[in-house]
Amino acid sequence: MNILVFIKQVPYAKEVRLDPKTHTLIRDGVESIINPYDMYAIEEGLRLKESRGGKVTVMTMGPPQAEDALRDALSYGVDDAVLLSDRAFAGADTLATSYTLALGAKNLRDFDLILCGKQAVDGDTGQVGPGMAVRLDIPYVTYVRKIRSVDDGTMRVERIMDDGYEVIDVPLPALLTVVKEINEPRVPSLKNKMRAKKQSIAVWGAADIGATTARLGLAGSATQVTDVFKPERKSNLEWLEGSVDEQVDALVDRLQKLKVG
Amino acid sequence: MILFDPEKCTGCGSCVDICPTDAIELINEKAVINEDECQLCGSCEAACETGAITIESEESEEKGDSGVDLSQYRGVWIIAEQRKGCMAPVVYQLMGKGRELADTLDVPLAVVVIGFDMRDQVESLAGYGADTVYYVNHSDCADFNDELYTDILVDIINKYKPEIVLSGATAIGRSLIPGVATRLETGLTADCTQLEIDPEKNLLLQTRPAYGGHIMATIVCPNHRPQMATVRPNVMKKPQVNPDAPCEIVEIPFDPNVYSIRTKLVEHICEGEGEGALLSDADIVVAGGRALKNSENFELIQTLAGLLGGAVGASRPPVDSEWMPYRYQIGQTGKTVCPKLYIACGISGAVQHLVGMESSEVIVAINKDRSAPIFEVATYGIEGDIYEILPALIKRLKELR
Ligand SMILES: Cc1cc2nc3c(=O)[nH]c(=O)nc-3n(C[C@H](O)[C@H](O)[C@H](O)COP(=O)(O)OP(=O)(O)OC[C@H]3O[C@@H](n4cnc5c(N)ncnc54)[C@H](O)[C@@H]3O)c2cc1C
Ligand SMILES: Nc1ncnc2c1ncn2[C@@H]1O[C@H](COP(=O)(O)O)[C@@H](O)[C@H]1O
């Protein structure tokens, strides 16, 4: 089974905190990592390959330095990596991203299964996976927490819902987005780390994937950010002071006024 | 392309703070943008008060000009979510907001219901402000299916052309709507917490937390239609019911032979009956954080919740450490709650937690660190040790019974 895993490089701040006075972000030591949910997609791909044969390819769309994320993925045992990179891709919203990634997948051709993370932690949209599946005209299942079986080109999966879970049969080729419950990612092996350093990585630009420029990046995006601001916090705090008993009495008094307790 | 006008730059640094990729630095009190790091996300352009930063598309054409005739699109739609024939609570919450948006634009509000045998619930939507309900009623539509629902929605949206389409940011909404928006080649904003109409351009202003709630971003979809958004459950208020309101119910014919559906639902298993399941709708929530240290100590939280008739919640560490199941988690990657009373016990108030609970009406915070950010959103603050406060509080409440 040939598996294509889409990963995104995201900024990761070890300690993301708001400065209580200035309300600005304190971001010490920001580094780039593979979107955590995509790590589960990589791991699931590797497990399927180990049990059923085939190969795992990772693909990402991003600036040249996104190559680091691909090498990182290779060090876990992924076979091949492709970087979709072109100035024309920059500024893409999920509509333009799913267009670009779908063309990347088509250009690779040879896949039975596409895996994505449930969402990227920078944008938190979770829109790219379903969008890509629609563009490739393949079925998709989101929030997959378990692949139960693969028989005759049909996969039986469990997907998390708000009120429990569903068991779904989906024929291949298909796209799944995975949640962290699906597995426990491995650590990279030394051998794969060495290989990852040396392996050549294909870089595809807009022309390589046959993209229409007007549908890429900023030009191809339907949405625009018009404003960003710090969340406003209404502060009408009343401290309940005193000894433990006094504090508890004060609280019980407030709760009774709210008609609870 | 990102353009920078040093003349206009005052060196205030707001772009530096907001940039998610750290692509901007201040050098000699002027912003310096590293174009290799820049992802053209537009945060700095939006944050810059003096207009020193502008982002332009490489082609000079109007950004994202889609050639769509916007004037053909009219009306606000809500995609109703149902489970086993019952409307999800978020549908009613969206109706209040949807009515407000429709009134501002002076257009009708419609609801789309895909399901089976839901006539009573469909009729009741009138009372919540719907002018029209588009009702797809067929046994094949009883259970949610991404492909089938996508096909149906794309067809009726293309036929009736609403200008705005809203849905709950639930598991179903966040799975279904991205596919619909892509098929319609339009924009979609996930997980909105505020919706308004821009009075000048009549555009939908869609505001959502970004970067884990550290900043809020307002997003528009100027040149594509419909403008689509999923909205977080429990941030909008359910409207008052007006039982006499008139409403037209339009039955949409459904021909099962038209659709070729590849995914099949084998079974749907409901989990978490009991307290956890009630969490999103609870009037009172008592939540515990890392300070609880183990699952036994959560009995304190359970006892207090029991005495107050509320539900139990948790921040992420108790869930990650497996003291509590995931369904209790409140926050960005858990549930959003909006109870009348929220009691946070030993929770520091990280932004990712706050986005899930800060619209609660009254917030009580108990924490031994007076500078914990939870106090910034709290109504009543108790600086103290939960292992002293909670047993004393429980004792007092028991005495009062
Ligand atoms: C992508 C992402 C998503 C996330 N999603 C969520 C989410 O959905 N929900 C969520 O909650 N978090 C989420 N987090 C984690 C979040 O950043 C915080 O780490 C988390 O909320 C902290 O939980 P806490 O307040 O319980 O623990 P801490 O931050 O460790 O706070 C514990 C608090 O307890 C106080 N305390 C300790 N002992 C006592 C005592 N005896 N009496 C009184 N007070 C005491 C301390 O002063 C401290 O303020 C997410 C993080 C990331 C990066
Ligand atoms: N630029 C990208 N390159 C590769 N994969 C991506 C990219 N953006 C999103 N994805 C994939 O889509 C998933 C959901 O992302 P999002 O819709 O941005 O939350 C991620 O977990 C990735 O698997």
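Note that the structure is a prediction, hence the values are computed from the model and not measured.

Scoring rules and cut-offs
Residues numbered from 1 in each chain as written. Chains lettered and ligands numbered in written order. Predicted model: local features only at pLDDT ≥ 70, side-chain atom pairs only at ≥ 80, totals over all residues. Heavy atoms only, no water. Near = heavy atom within 4 Å. Polar contact = N/O pair within 3.5 Å; in protein donor to acceptor, adjacent residues only side chain to side chain. Areas by Shrake-Rupley, 256 points an atom, 1.4 Å probe, with all protein chains shown as cover. Helix = DSSP H or I, 4+ residues; strand = E, 2+ residues; numbered from the N terminus. Contact = heavy atoms within 4.5 Å. Buried area = accessible area lost by both parts, 1.4 Å probe. Salt bridge = Lys/Arg side-chain N within 4 Å of Asp/Glu carboxyl O. Pairing = 2+ DSSP bridges. Buried < 20%, exposed > 50% of the residue type's maximum accessible area, 1.4 Å probe, protein only. Arc of directions from axis to C-beta. Nonpolar A, V, L, I, M, F, W, Y, C, P; charged D, E, K, R; others polar. Axes fitted to C-alpha atoms, helices over the stretch in contact; angles between N-to-C directions. Parallel < 35°, antiparallel > 145°, perpendicular 65-115°, else oblique. Left-handed = near helix turned anticlockwise from the far one by under 90°. Expected span 1.5 Å × (residues − 1).

Now for the site of ligand 1. Residues and elements named next belong to chain B. Lining the immediate surroundings of ligand 1 are 25 residues, of which Arg290, Ser315, Thr333, Ser348 and Asn367 lie closest. A distance of 2.8 Å is found between a nitrogen atom of ligand 1 and a backbone nitrogen or oxygen belonging to Ile330. Coverage of ligand 1 by the protein chains reaches 79% of its 980 Å² of free accessible surface. Elements supplying a minimum of two residues to the shell around ligand 1: helix H9 (316–320), helix H10 (351–354) and helix H12 (386–400).

Every contact between the two is made by 99 residues of chain B and, on the other side, 92 residues of chain A. For the pair chain B and chain A, the two sides together bury roughly 8,600 Å², of which 55% comes from carbon and sulfur. Remark: the boundary between chain B and chain A carries 9 salt bridges. One salt bridge in this structure joins Asp137 of chain A and Arg262 of chain B, with 3.3 Å as the shortest N-O distance. Linking chain B to chain A there are 33 residue pairs in polar contact (both at pLDDT 80 or more). As paired strands, strand E13 (residues 238–239) of chain A and strand E22 (residues 380–383) of chain B are joined by 2 bridges and run parallel to one another. Note that in E22 of chain B the partner of Glu238 of chain A across the bridge is Tyr380 of chain B.

This next bit is on helix H2 (residues 67–74) of chain A. Note on helix geometry: an α-helix contains 3.6 residues per turn, so any two residues three or four positions apart are oriented the same way. What H2 of chain A keeps buried is the set Ala69, Leu70, Ala73 and Leu74 of chain A. Along the axis of H2 of chain A, the buried residues cluster in a sector spanning 145°; they form a single face.

All names here are of chain A. Within the structure, ligand 2 sits among 18 residues, and Phe6, Asp38, Ala120, Thr125 and Gly126 are positioned closest to it. Here an oxygen atom of ligand 2 sits 2.7 Å away from a polar atom, N or O, in the main chain of Phe6. Contacts to ligand 2 include Ala120, whose backbone N or O atom sits 2.7 Å from an oxygen atom. Relative to its free-state accessible area of 480 Å², ligand 2 is covered by the protein chains to the extent of 97%. The set of elements that each furnish at least two residues to the shell around ligand 2 consists of strand E4 (56–61), helix H3 (94–108) and strand E6 (113–117). The element that contributes the greatest number of residues to the shell around ligand 2 is E4, accounting for 3 residues. Tallied by class, the residues present in the shell around ligand 2 amount to 8 nonpolar, 8 polar and 2 charged.

The next thing to look at is the environment of Asp143 of chain B. Here Asp143 of chain B shows up in the loop between strand E9 (132–137) and helix H5 (146–160). Excluding residues that lie within four positions of it along the chain, Asp143 of chain B makes contacts with Tyr149 and Leu265 of chain B.

This part takes up the packing of H3 of chain A against helix H4 (residues 128–136) of chain A. Residue and element names in this part refer to chain A. Direction vectors running N to C along H3 and H4 enclose 55°, while the axes themselves pass 8 Å from each other. In terms of orientation, H3 and H4 fall into the oblique class. Pair H3 / H4 crosses with right-handed handedness. Each of Thr94, Leu95, Thr97, Ser98, Tyr99, Leu101, Ala102, Ala105 and Lys106 in H3 lies in contact with H4, whose residues at this interface are Val128, Gly131, Met132, Arg135 and Leu136. Of the residues in the contact of H3 with H4, the class split is 8 nonpolar, 4 polar and 2 charged.

A few words now on H5 of chain B. Residue and element names in this part refer to chain B. Helix length check: H5 (15 residues) gives 21 Å between terminal C-alpha atoms against 21 Å at 1.5 Å per residue, within 8%. Burial analysis of H5 places 11 of its 15 residues in the buried class, the great majority of the element. Taken together, the buried positions of H5 are Asp146, Glu147, Leu148, Tyr149, Thr150, Asp151, Ile152, Leu153, Val154, Ile156 and Ile157.

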